[in-house]
Amino acid sequence: MASIGRAHAHLQSEAPAFPGFPADSQPSSQISHDSSRELDAGARATHPNPMLSSFQALAFLCGLVGWLMLSVYRNRELEREMAFLQKQLAQKSARINVSIEKREVDKENHLFSLKLDKARTDLRESQRSTNAALAEVQGLTESLKAVQTALKRDQAAFNTQKIQCDAAYKECDSLRAQLSEKQRHVQILEAKISSIQVDAQQARSAFNECNRLRAQLANRERSVQVLEARLAQLEEFVRAKEREVEEEHRRGNMSEAEREQETRLDNWRHATADEVRRCHERDAQWPLRTWNQSRALERFHFVADEFAKMEFRFSESRPLTAGTVPWPVLHHPQALRSSLDEVGWKSVEEFFGFAQANMANDRFRKLLSTMQRTFHPDKWSSAHRSVLDDGLRGSMEAAIIRVSQAINGIIQFRRF
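Residues numbered from 1 in each chain as written. Predicted model: local features only at pLDDT ≥ 70, side-chain atom pairs only at ≥ 80, totals over all residues. Heavy atoms only, no water.

A.B. asks: How should I be thinking about the confidence of the model for the protein in this particular structure?
C.D. replies: Low pLDDT means the predicted atomic positions in that stretch should not be read closely. Looking at the protein as a whole, its pLDDT mean stands at 79, while 82% of the residues score no less than 70. Note on residues 1–33: pLDDT under 50 across the span, and 51 contacts to partners over four residues away in sequence or across chains. (pLDDT = per-residue confidence, 0-100. Contact = heavy atoms within 4.5 Å.)

A.B. asks: Looking at this model, I keep getting lost on helix α10 (residues 390–413). Mind explaining?
C.D. replies: For the α-helix, the turn length of 3.6 residues means that residues three or four positions removed from each other point alike. In this model, α10 (24 residues) spans 34 Å end to end at C-alpha, consistent with the 34 Å of a helix rising 1.5 Å per residue. Of the residues making up α10, those classed as buried are Met 396, Ala 399, Ile 400, Val 403, Ser 404, Ala 406, Ile 407, Gly 409 and Ile 410. Looking at the buried residues of α10, the elements they touch are α7 (345–357), α8 (361–374) and α9 (381–385). Put simply, Asp 389 is the residue that caps the front of α10, since its side-chain oxygen is 3.1 Å from the backbone nitrogen of Gly 391. (Helix = DSSP H or I, 4+ residues; strand = E, 2+ residues; numbered from the N terminus. Expected span 1.5 Å × (residues − 1). Buried < 20%, exposed > 50% of the residue type's maximum accessible area, 1.4 Å probe, protein only. Polar contact = N/O pair within 3.5 Å; in protein donor to acceptor, adjacent residues only side chain to side chain.)

A.B. asks: Even after reading the chapter, I still don't get the packing of aromatic side chains, so can you show me in this structure?
C.D. replies: Aromatic ring pairs are defined here through the distance separating the ring centres and the angle between the ring planes. For the structure on display, the rule yields eight aromatic pairs. Where Phe 351 meets Phe 352, the ring centres are 5.3 Å apart and the plane angle is 80°; that geometry is what we call edge-to-face. The buried category is assigned to Phe 351, whose relative accessible area is 0%. The class for Phe 352 is buried, based on a relative accessible area of 0%. Centre to centre, the rings of Phe 352 and Phe 364 are 6.4 Å apart; their planes meet at 70°, and the pair counts as edge-to-face. Within this pair, whereas Phe 352 is found in helix α7, its partner Phe 364 is found in helix α8, the two being separated by 12 residues in sequence. Phe 364 sits in the buried class, given a relative accessible area of 4%. The rings of Phe 307, Phe 314, Trp 327, Phe 375 and Trp 380 are connected pair by pair, giving a single aromatic cluster. (Phe/Tyr/Trp six-rings, centres within 6.5 Å; stacked < 30°, edge-to-face > 60°.)

A.B. asks: Got a minute to help me understand the nonpolar core in this structure?
C.D. replies: Buried together is how nonpolar side chains tend to be arranged in soluble globular proteins. Core analysis: the largest hydrophobic core is formed by 42 residues, its most contacted members being Leu 320, Trp 327, Phe 352, Phe 375, Trp 380 and Ile 407. Breaking this core down by element, the ones donating at least two residues are α5 (256–283), α6 (293–310), α7, α8 and α10. With seven residues, α10 is the largest single contributor of residues to this core. Look past the residues within four positions of Trp 380 in its chain and what remains in contact with it is Phe 307, Phe 312, Leu 320, Val 325, Thr 374, Phe 375 and Ile 400. Within the second largest apolar cluster, nine residues are counted, among which are Phe 60, Ala 133, Val 137 and Leu 144. (Core = buried A, V, L, I, M, F, W, Y, C linked by side-chain atoms within 4.5 Å.)

A.B. asks: Would you explain the pattern of salt bridges in this entry?
C.D. replies: A side chain with one charge can pair with a side chain of the opposite charge if their charged atoms come near. Using the criterion set out here, one finds 16 salt bridges in the structure. Taking the shortest distance from any N to any O, the salt bridge between Arg 176 and Asp 173 comes out at 3.0 Å. With a gap of three residues between them, Arg 176 and Asp 173 both fall in helix α4 (residues 102–251), about one helical turn apart. Assessed through its relative accessible area of 45%, Asp 173 is described here as partly exposed. A salt bridge links Arg 278 to Glu 275, with the shortest nitrogen-to-oxygen separation between them at 2.7 Å. (Salt bridge = Lys/Arg side-chain N within 4 Å of Asp/Glu carboxyl O.)

A.B. asks: Quick question: what am I supposed to make of the packing of α8 against α10 here?
C.D. replies: How two helices sit against one another is set out by the angle between their axes and by the gap between those axes. Contact pair α8 / α10: the axes reach a minimum separation of 9 Å and the direction vectors enclose 140°. Taken together, the axes of α8 and α10 lie oblique to each other. Judged by the twist between their axes, the crossing of α8 over α10 is left-handed. Contacts from Leu 368, Met 371 and Gln 372 of α8 reach α10 at Ile 407, Asn 408, Ile 410 and Ile 411. When grouped by side-chain class, the residues that make up the contact of α8 with α10 number five nonpolar, two polar and no charged. (Axes fitted to C-alpha atoms, helices over the stretch in contact; angles between N-to-C directions. Parallel < 35°, antiparallel > 145°, perpendicular 65-115°, else oblique. Left-handed = near helix turned anticlockwise from the far one by under 90°. Nonpolar A, V, L, I, M, F, W, Y, C, P; charged D, E, K, R; others polar.)

A.B. asks: Sorry, what's going on with α6 here?
C.D. replies: With 18 residues, α6 extends 26 Å between its outermost C-alpha atoms, agreeing within 8% with the 26 Å of an ideal straight helix rising 1.5 Å per residue. Buried within α6 we find Ala 296, Leu 297, Arg 299, Phe 300, Val 303, Ala 304, Glu 306, Phe 307 and Met 310. Taken together, the buried residues of α6 touch α5, α7 and α8. A distance of 3.2 Å separates the backbone nitrogen of Ser 294 from a side-chain oxygen at the start of α6, and that oxygen is part of Asn 292.

A.B. asks: Honestly, the side chain of His 332 in this entry has me stumped. Any pointers?
C.D. replies: With respect to the element layout, His 332 can be found in the loop between α6 and α7. In this structure the side chain of His 332 is engaged in a polar contact, spanning 2.9 Å, whose partner is the backbone oxygen of Trp 286.

A.B. asks: Sorry, what's going on with the side chain of Thr 321 here?
C.D. replies: Along the chain, the position of Thr 321 falls in the loop between α6 and α7. By relative accessible area, which is 4% here, Thr 321 ends up buried. When neighbours within four sequence positions are excluded, Thr 321 is seen to be in contact with Thr 272, Glu 275, Val 276, Cys 279 and Met 396.

A.B. asks: What is the right way to read the environment of Ala 119 from this model?
C.D. replies: Checked against the element boundaries, Ala 119 lands in helix α4. It is 8.7 Å that separates the C-alpha atoms of Ala 119 and Glu 79, two residues lying 40 residues apart in sequence.

A.B. asks: Looking at this structure, I do not really get the packing of α7 against α10. What am I missing?
C.D. replies: Two elements in contact, α7 and α10, have axes separated by 9 Å at closest approach and are oriented at 50°. Between α7 and α10, the interaxial angle falls into the category oblique. Note on packing geometry: the crossing formed by α7 with α10 is right-handed. Facing α7, whose interface residues are Trp 345, Val 348, Glu 349 and Phe 352, α10 presents Arg 402, Val 403, Gln 405, Ala 406, Ile 407, Gly 409 and Ile 410. Looking at the contact of α7 with α10, its residues break down into seven nonpolar, two polar and two charged.

Below, the structure written as structure tokens:
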């Protein structure tokens, strides 16, 4: 409104005086064609670039609206001026006397006609300017709407990003709290690790000491085994010497045939003692303290392979002993040295039950078939003849028969 007032004052100051009328009878405002151009140039200079920013566009639009209102006001003033001029012309024509020279009247009429034509020209120019300004206003309005739409879109994106940033800040705070908690746990774990390392060092020292003691114990056990073997040899040697002394006393009263039989028995006893000693040395790798079912199966396979290589080639110089036979039982060989009563149906079934659980099916069937052929009583006749002691020979024959019957029963009844 201030710009409208300034334009109105400018129009009043620029309005030309019409000749033939007093100063107080002139119209309130006259706008010339030059004034209109100056206003247009001023508007363009005020708003050189309406798309600089949304706020500048808004300010430019407000100024342009004011300029349009001023143009409308100017058009109305021009229309009133034309009406006033026509009224004054009519009044002036009515007051003119017939006596006034026609030339002066024509001149004044011509001047009024020129002013009227000029006013009409200014009115048409103003209307064209107004139409152009309206078109420009419409374009600026569309631009402003696009800018507002972009602002709304940017505002929505900003709000979304703000929400995301807030969520990210919250997550960051949560992660910081978790990191602090993890660091606290790490410190606790480091303290525990330090304690565990100290305990591990102590345990390592204790483990080394335990290994040292185990090594000493193993050495002592080997020493004990060696001493037991030597003691057994000495006992056997003492018994042999005692038997030799007894035999010498008896030989004094024996015949030649009896002496030969006695010599044969002595040679068999020495060969048997050598075979028993060999079996003891072989079984030393399976001590009683480490004995279990797996070790029993391992020893059985070892002795069975050794027995298969002999191929039943036994004689008085290489006699059959209880330690030579691969008995299919889980007992320690030490339990079979004094008696073969532990070799029976139950012990054989337990052995083959454990073997089936720890061997492939085809391998177990092959083992069962091999043992059936190995312990067939007919194959042991020559081996039994290498045993000159009737009691030992009978005990081994009975044990072999029990094993053979147990294996046949397992195969026949499919107990496993």
